[in-house]
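Single-letter residue listing:
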Amino acid sequence: MSAKIVQNMLKSAPFSRLYMSQIRSKATLPSLKFEYKDLEPIISRDIMEIHHQKHHNTYVVNYNNTLDKLQTAVAKDDTATIISLAPALKFNGGGHINHSIFWDTLTPHSTKPSADLDKALIQNFGSFDEFKKQLATASIAVQGSGWGWLGFNPQTKMLAVISCANQDPLFPTTGLIPLFGIDVWEHAYYLQYKNVRADYVNAIFEVVDWDAVSKRFSEASI
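Procedures and definitions
- Residues numbered from 1 in each chain as written.
- Predicted model: local features only at pLDDT ≥ 70, side-chain atom pairs only at ≥ 80, totals over all residues.
- Heavy atoms only, no water.
- Helix = DSSP H or I, 4+ residues; strand = E, 2+ residues; numbered from the N terminus.
- Buried < 20%, exposed > 50% of the residue type's maximum accessible area, 1.4 Å probe, protein only.
- Areas by Shrake-Rupley, 256 points an atom, 1.4 Å probe, with all protein chains shown as cover.

Draft legend 1. Structural view of the overall build of the chain. Within the chain, the regular secondary structure consists of 11 helices and 3 strands. Going from the N terminus to the C terminus, the chain shows its helices and strands as α-α-α-α-α-α-α-β-β-α-β-α-α-α. Burial status across the chain gives 45% buried among its 222 residues. Here the chain displays about 11,100 Å² of accessible surface, and carbon together with sulfur accounts for 52% of that area.

Below, the structure written as structure tokens:
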């Protein structure tokens, strides 16, 4: 009975095949493709190191611990415990997924959107600058902690800007495939930008890896 409950819990959220594999196996802290200091002056070395080594790693550890509890509960056919673990799986699993995407779409190098992504941004938002304005506005406006996202709707084939609270993962929460996310939890910027979230959000566009975002768009739109 409990194994079927777990399967139904996973099926009830629209996880892509990529995220399903993460949910079913232990998470690991991903390596970065740059050094902590490389995003300065946009993001300081101290923020990057603490954000990656402390905050993201905490999500990884807590997710793996929750997964162990889930596996034990399944083995014991403990339905109540299985259900009670769902919030922790969502929060910590979402934190791991969101941050993994975040690191992958940052770079110290100058990049530009692919021709296809640039065309889609213009078609959906009117211009690249208007897209940036809408994503910045959505990110700055998050109440408390959360993320601002550029996502792709696989049903309509349209791009969308949206925000999610806390560590809610974009795809399971909204059905949108994540292309680029801005972390607006205070730990992502407070040491450097204090309480001026807008300065951080507007600055982060300077270190976006548009090659990575373009690749995500290409894979999502197939």
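Draft legend 2. Molecular detail of unusual backbone geometry. Of the consecutive residues E40 and P41, the connecting peptide bond is found in the cis state with omega at 5°. Even without being glycine, D77 reaches a positive phi, approximately 55°. You can see D77 is positioned in the loop between α3 (45-75) and α4 (79-84). Take D77: its relative accessible area is 42%, and that puts it in the partly exposed class. For K194, which is not a glycine, the phi torsion comes out positive at approximately 55°. Given the relative accessible area of 46%, K194 is considered partly exposed.

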